[in-house]
Amino acid sequence: MFAFRLPLTASAFVIAVLAAGCGGSGVSHQTSPVPPTGSTVSSTAKFPIPQSKAFAVPRAPSFAVPAAPPPRDAAGSTRSTQSTPSTNPFFNGEQPLSNGVYYLQFANSNIFGYYAFLSDPHYIYHFDAGYEYVFDSTDPNAVYLYDFASGHFWYTGANQWPYVYDFTLKAELYYYPDTNNAGHYTTNPRYFYNFGTSQVITMPASSPSPSPTPSPTPIPIAATTTTLSRAYPNAGTPNVLPTFKPQLDQYGYGITIDGYTPAPNISYGFHRNVVVAIIKDGTLLQNPVGVGLVNPTVTPCAAGPGMNNPYVTNDDEAYQIHEHDYSGIWMLEPHSTTETFKLGSLFDIWGNQPIDRTHVANQTGNVRIFSYDSNAANPVATEYMGNPYDFVFGSFNGDVTIIEIGTFAPLPHFVIDPNYETFSC
């Protein structure tokens, strides 16, 4: 058991800190609550030094680390808008406000603040502290908290907050209120007084600014060009990548994916063609026919270099990202010249296929993404260094994206046949 050192009426201290121009526990109120940037701040900085709160802390928690909070919903929030108050006595006295938000001031007048429960009421989103997971303790008025921002377990109670015991730091902490915003605590960053080190700290600790990401080195591509045309017959190894099975609603229509709803007439007047080539260990893989098209009609192409090869001539609906054949040419149908499309959305429409640094649909291996403008006289590729899912296609016809998996080979030089749109199929 760990006993904090000096007793103090917490309500008197919190009220003193929150009240403008007043002092608390013999410490003068500071007009500016923001200390210098950094993970630790001198105890003589602009936050008052609190006295320790006397309460016993139980044994270290034996709980497993809870799963991360559920993903954000379509409205951009994870909180429940239903009336789902916790049954834990720690929250006794909470006041429901609106949209699932609660406000809690304890019986001793200490302020817990504003928060909302998620669909699982063990999770709360505290508007200042962030996401917390609440575990019951043997004391009905006390709780263990798992603080997602720091990854630490805390212990506190209705008679102790804003004092917590941090099991990672093995120290009593005091969570500083925001003196410029009554009823709230410091956030972005959160400031605490660490009684173990006698320092004001931020948690999680402030990180130094990252070094600038170096610009990618331009990469030459093959001198020999490969012209991709409608139903082009030499577009790689077939039947390796997964086929397309549209996700349909109860009425047989394609569901909305990443905000894209398929429609019978998908063109908005800003059509453009781009190339997406998937290469595994130096071998080009052939796309399945008709990704992004609902109930396609596939017929042999009637003319051009791809004559007699399959091409989708008709469909019930098309997504704004789709393709008609196995050439590797994809159609993007933006609503305006400024609308952009992510590579991840192409793979989501394909059937929630994975795309990351080790997976491309059903293929695995180290993944690199390259792009270039096939319209350039001497195109040079650049490597995309971010998350492959977030790669954004160029806003012009002839943008080429190369996805290489496994053993990397020289990049092919693809161009789109200028007659692609005029061939009859």
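In this text the structure is predicted, and so the values were computed from the model without any measurement. (Residues numbered from 1 in each chain as written. Predicted model: local features only at pLDDT ≥ 70, side-chain atom pairs only at ≥ 80, totals over all residues. Heavy atoms only, no water.)

Asker: Let's hear about the overall build of the protein: which residues, and what values?
Answerer: From N to C terminus, the protein includes two helices and 29 strands. Burial analysis of the protein (425 residues in total) assigns 48% to the buried set. Pairs at least 24 apart in sequence give 61% of the contacts found in the protein among residues at least 6 apart. (Helix = DSSP H or I, 4+ residues; strand = E, 2+ residues; numbered from the N terminus. Buried < 20%, exposed > 50% of the residue type's maximum accessible area, 1.4 Å probe, protein only. Contact = heavy atoms within 4.5 Å.)

Asker: Provide a residue-level description of the packing of aromatic side chains, including the pertinent values.
Answerer: According to the stated counting rule, one finds 43 aromatic pairs in the structure shown. Consider the rings of F91 and F117, whose centres lie 5.6 Å apart with planes at 65°: the pair is edge-to-face. Note that F91 is positioned in the loop between β3 (56-57) and β4 (95-96) and F117 in strand β6 (residues 111-117), a separation of 26 residues in sequence. Taken as a pair, F91 and F117 share a single burial class, namely buried. Arranged with centres 5.6 Å apart and planes meeting at 85°, the rings of Y115 and F117 form a pair that is edge-to-face. The pair formed by Y115 and F117 is uniform in burial state, with each residue classed as buried. In textbook terms, an aromatic cluster arises when at least three aromatic residues are bridged by ring pairs, as seen for F90, F91, Y102, F106, F112, Y115, F117, W154, W161, Y175, Y185 and F192. In this arrangement the basic side chain of R230 is found over the ring face of Y420, its NZ or CZ atom lying 5.0 Å from the centre. Here the basic side chain of R368 rests over the ring of F408, its NZ or CZ set 4.7 Å away from the ring centre. (Phe/Tyr/Trp six-rings, centres within 6.5 Å; stacked < 30°, edge-to-face > 60°. Lys NZ or Arg CZ within 6 Å of the ring centre and 35° of its normal.)

Asker: Would you mind going over the pattern of salt bridges in detail, with residue names and values included?
Answerer: Applying the stated criterion across every chain, the model contains five salt bridges. A salt bridge links R368 to E383, with the nearest nitrogen and oxygen atoms 2.8 Å apart. In this pair, R368 is assigned in strand β26 (residues 367-373) and E383 in strand β27 (residues 380-384), connecting sequence segments 15 residues apart. Each of E132, D147 and R190 takes part in salt bridges that share partners, so that together they form one network. (Salt bridge = Lys/Arg side-chain N within 4 Å of Asp/Glu carboxyl O.)

Asker: Which residues make up the environment of S229, and what values go with them?
Answerer: Its location among the elements puts S229 in the loop between β15 (219-228) and β16 (272-280). Residue class for S229 comes out buried when judged on its relative accessible area of 1%. Put simply, S229 and F423 are 194 residues apart on the chain and 8.8 Å apart in space, counted from C-alpha to C-alpha. In terms of polar contacts, S229 uses its side chain to reach the side chain of D417, at 3.3 Å. (Polar contact = N/O pair within 3.5 Å; in protein donor to acceptor, adjacent residues only side chain to side chain.)

Asker: Tell me about the state of the cysteines, and please be specific about residues and values.
Answerer: Considering all chains together, one arrives at one disulfide under this definition. The partner cysteine of C301 in its disulfide is C425, sulfur to sulfur 1.8 Å. In this structure the cystine formed by C301 and C425 twists about its S-S bond by roughly -60°; its chirality is therefore left-handed. One end of the pair, C301, is in the loop between β19 (297-300) and β20 (310-314); the other, C425, is in the segment after β29 (411-416), with 124 residues separating them in the sequence. (Disulfide = S-S within 2.5 Å.)

Asker: Quick one: what's the story with the side chain of S345, residue by residue and with numbers?
Answerer: By secondary structure assignment, the location of S345 is in helix α2 (residues 343-349). The contacts of S345, once residues within four sequence positions are left out, are D258, Y260 and I321.

Asker: If you had to explain the environment of V275 to someone new, which residues and values would you point to?
Answerer: Inspection of the secondary structure puts V275 in strand β16. Residues V275 and V415, spaced 140 residues apart in sequence, show a C-alpha to C-alpha distance of 8.4 Å. With near-sequence residues (within four places) excluded, V275 lies in contact with L228, G328, I329, D399, V400, T401, F414 and I416.

Asker: Report on unusual backbone geometry, specifying residues and quantitative values.
Answerer: Residue N188 is joined to P189 through a cis peptide bond whose omega torsion reads 5°. Assignment of secondary structure puts P189 in the loop between β12 (171-175) and β13 (191-194). Note that the residue after M203, namely P204, is joined by a cis bond; omega there is 0°. Note on placement: P204 falls in the loop between β14 (199-202) and β15. In the Ramachandran plot, D258 falls in the positive-phi region, its phi being about 55° despite a non-glycine side chain. Secondary-structure assignment places D258 in the loop between β15 and β16. Located in the positive-phi region is N308, a residue other than glycine, with phi close to 75°. Tracing the sequence through the fold places N308 in the loop between β19 and β20. The exposure class assigned to N308 is exposed, which follows from its relative accessible area of 59%.

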